[in-house]
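Examining the three-dimensional arrangement
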Amino acid sequence: MSNIPKIVILGAGYGGILTALRLQKELNYNEADVTLVNKHDYHYFTTHLHMPAAGTDKTENARVSISKLIDEFKIDFVKSTVVQIRTQDKKVILEDGTLSYDYLVIGLGGEPETFGIPGMLEHAMNIRSINSVRLIREHIEYQFARYKREPHRTDYLTFVVGGAGFTGIEFVGELADRIPELCKQNDVDPSLVKIYNVEAAPSALPGFDPELVEYAMQVLTKKGVTFRIGTAIKECTPDGVVVGDNEEIRSATVVWAAGVRGNRLIEEAGIETMRGRVKVDEFLRVPGHENISVVGDNSLMFNPEGRPYPPTAQIAMQQGVVCAHNLVASIRNQPQKKFEFKNKGTVASLGKGEAVGLAFGKKYKGRVAAWLKKAIDIRYLYIIGGIPLVVRKGKFL
């Protein structure tokens, strides 16, 4: 009977993959059995998904094979879907087997949060995975073909994006860039195409610098985006959305980009959550379960002002590094490290050659901000895959 501790990591998103890679680096051989579970055999870059969704890049450029990132002699990769987490007997039930653990890391990623809006789950699409963005791209292209056969159906050429946060803004920027190409391919008058970005909050990019928000809206408006700020979507129907004072926007394409919640499997495991996210302690552990850590979209942490940190790739990556450190510390009976988020800046793409960002205490916009975003993306490639991955993928990001 082996006394080597078993570490199981659920999910190969930003938090999960960084945890695995740091464990791979810091653990000695035979110091722990580490298993990484993910339903796909690839890791994908959620911060890049808006491009293949709009059709301005290939889906292949937004992912990398997990086997190219991990050392199979140190990390056992299992491609499977998690069905249940049983904390009482330290087991994870997969669709095709069972794993036991001594230490568990939950990084299963979030699910769309529709805030109870009727019809949103049934009729809207989401920018959440490689498969979901592939569907959005094909759906958009299909609408132009449909319009050519039914030219009275201008709703085929009307696109509604719910949410003007980073995902929504980046997607409408790419979509606006793609429209001229689709119009040319399908002989469609560009003036017939409408892109609506609907946001319930009083500002686009809520919480972001007002000067940069204004610049972003000006750029996107010039590209053909119509903003409906301070306007809530009341219902999503097969024919479009109902907004504000029961105004209907007829559209065959609704993309919901306005909210993320945690994962239902955590709630079903009996762990206390807020909208599927766990309020972890300062060491990223589940209160009452010192052998379970939570990273990424599944975790809930508060800034010094008492407001929750947004679930970004940046915070998930930093959590992964600290989580791995603390797992190694637990195995070696060493002190735990507190998690402290260090904000390195934020950049939002506005389409080709345009972006807005805050970094190093300064504001950036236009081409400089776009270069900054590319530099951030390349830095991430280097962190997870070194120079070979930068060479292979860097030119596409």
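The rules we used
- Residues numbered from 1 in each chain as written.
- Predicted model: local features only at pLDDT ≥ 70, side-chain atom pairs only at ≥ 80, totals over all residues.
- Heavy atoms only, no water.
- UniProt positions renumbered as here; feature names shortened; annotations may be inferred.
- Domains from an automatic or database assignment.
- Contact = heavy atoms within 4.5 Å.
- Buried area = accessible area lost by both parts, 1.4 Å probe.
- Salt bridge = Lys/Arg side-chain N within 4 Å of Asp/Glu carboxyl O.
- Polar contact = N/O pair within 3.5 Å; in protein donor to acceptor, adjacent residues only side chain to side chain.
- Helix = DSSP H or I, 4+ residues; strand = E, 2+ residues; numbered from the N terminus.
- Nonpolar A, V, L, I, M, F, W, Y, C, P; charged D, E, K, R; others polar.
- Pairing = 2+ DSSP bridges.
- Axes fitted to C-alpha atoms, helices over the stretch in contact; angles between N-to-C directions.
- Buried < 20%, exposed > 50% of the residue type's maximum accessible area, 1.4 Å probe, protein only.
- Parallel < 35°, antiparallel > 145°, perpendicular 65-115°, else oblique.
- Core = buried A, V, L, I, M, F, W, Y, C linked by side-chain atoms within 4.5 Å.

Labelled according to an unreviewed UniProt entry, the chain appears under the name NAD(P)/FAD-dependent oxidoreductase, originating from Paenibacillus rhizovicinus. Annotation of the chain in UniProt includes, under Sequence similarities (unreviewed entry), the sentence "Belongs to the NADH dehydrogenase family." The chain has a UniProt comment under Cofactor (unreviewed entry) that states "FAD".

With that settled, consider the domain arrangement of the chain. Domain assignment breaks the chain into domain 1 (6-112 + 260-345) and domain 2 (125-256). Summarising the inter-unit geometry, the C-alpha centres of domain 1 and domain 2 are found 32 Å apart. Contacts between the two partners involve 22 residues from domain 1, matched on the other side by 16 residues from domain 2. Carbon and sulfur atoms supply 61% of the area buried between domain 1 and domain 2, which totals about 1600 Å² over both sides. Ranking the residues of domain 1 by area buried against domain 2 places H50, A53 and A54 at the top, with a combined share of 32%. Counting across the interface, domain 1 meets domain 2 through one salt bridge. Linking R128 and D297 is a salt bridge whose minimum nitrogen-to-oxygen distance equals 3.4 Å. Along the contact surface separating domain 1 from domain 2 lie seven residue pairs in polar contact (both at pLDDT 80 or more). Mapped onto the side of domain 1 that touches domain 2, the elements with two or more residues apiece are β3 (42-44), α2 (50-54) and β10 (111-112). Considering every element that reaches the side of domain 1 that touches domain 2, the biggest residue donor is α2, with five residues. Grouping the amino acids of the side of domain 1 that touches domain 2 by side-chain chemistry returns ten nonpolar, seven polar and five charged.

Okay, the sheet that holds strand β6 (residues 82-86) next. Two modes of strand pairing occur in sheets, parallel and antiparallel, and in both the strands are linked by backbone hydrogen bonds. Taken in spatial order, the three strands make up an open sheet running β6-β7-β8, and their pairing is antiparallel. Of all the strands in the sheet, the pair left with one neighbour each is β6 and β8 (97-100). When the angles between neighbouring strand axes are averaged without regard to direction, this sheet yields 20°. Summarising the sheet, β6 and strand β7 (residues 91-94) pair through four bridges and their orientation is antiparallel. Across the sheet, the residue bridging to V82 is L94, located in β7.

Of all five residues that make up strand β12 (residues 158-162), five are buried, and the element is covered over most of its length. Residue alternation in β12 divides its side chains into two sets, T158, V160 and G162 and F159 and V161, and both sets are buried. Bridge count for β12 against strand β13 (residues 194-199) is five bridges, and the pairing is parallel. In the sheet register, V160 faces β13, and the bridge partner there is Y196. The pairing of β12 with strand β18 (residues 253-256) spans four bridges and is parallel. Paired with V161 across the two strands is V255, which belongs to β18.

Turning our eyes to something else, we now look at the packing of helix α1 (residues 14-26) against helix α9 (residues 367-393). It is the contact of α1 with α9, at a shortest axis distance of 10 Å, that shows an interaxial angle of 40°. Regarding the angle of α1 to α9, the classification is oblique. Two secondary-structure elements touch here, α1 through Y14, I17, L18 and L21 and α9 through Y380, I383 and I384.

Our next topic: the UniProt feature "domain: FAD/NAD(P)-binding" (unreviewed entry) in the chain. This chain's UniProt record puts "domain: FAD/NAD(P)-binding" (unreviewed entry) on residues 6-320. Segment residues 6-320 splits into 28% helix and 29% strand. End C-alpha atoms: 18 Å apart.

Core analysis: the largest hydrophobic core is formed by 61 residues, its most contacted members being I7, L23, L104 and I384. Residue contributions to this core peak at ten residues, all from helix α8 (residues 313-331). Ignoring any residue separated from it by four or fewer positions in sequence, one finds L23 in contact with I7, I9, V34, A324, L327 and V328. Core analysis: the next-biggest nonpolar cluster, separate from the first, contains 46 residues, A54, A164, F208 and L220 among them.

With respect to topology, six strands assemble into an open sheet ordered β5-β2-β1-β9-β22-β21, the strand pairing being mixed. The sheet is open, and its two edges are formed by β5 (75-79) and β21 (285-286), each paired on a single side. Across four bridges, strand β1 (residues 6-10) lies against strand β9 (residues 103-106) in parallel orientation. Residue I9 lies in a different strand from β9, and its bridge partner there is V105. α1 contacts β1, β2 (33-38), β5 and β9 of the sheet and is inclined by roughly 150° relative to β1. Helix-sheet contacts for α8 involve β1, β9 and β22 (289-294), and the interaxial angle to β9 is about 175°.

Moving on: the side chain of T253. When you line up the elements, T253 lands in strand β18. Given the relative accessible area of 1%, T253 is considered buried. Side chain to side chain, T253 and H139 meet in a polar contact 2.9 Å long. In this structure T253 touches M125, H139, I140, Q143, T158, F159 and V160, once residues within four positions along its chain are discounted.

Here four bridges tie strand β25 (residues 355-359) to strand β26 (residues 362-365), and the two strands are oriented antiparallel to one another. Paired with L358 across the two strands is K363, which belongs to β26. The hairpin turn running from β25 into β26, its antiparallel successor, is two residues long, and F360 in that turn takes a positive phi close to 55°.

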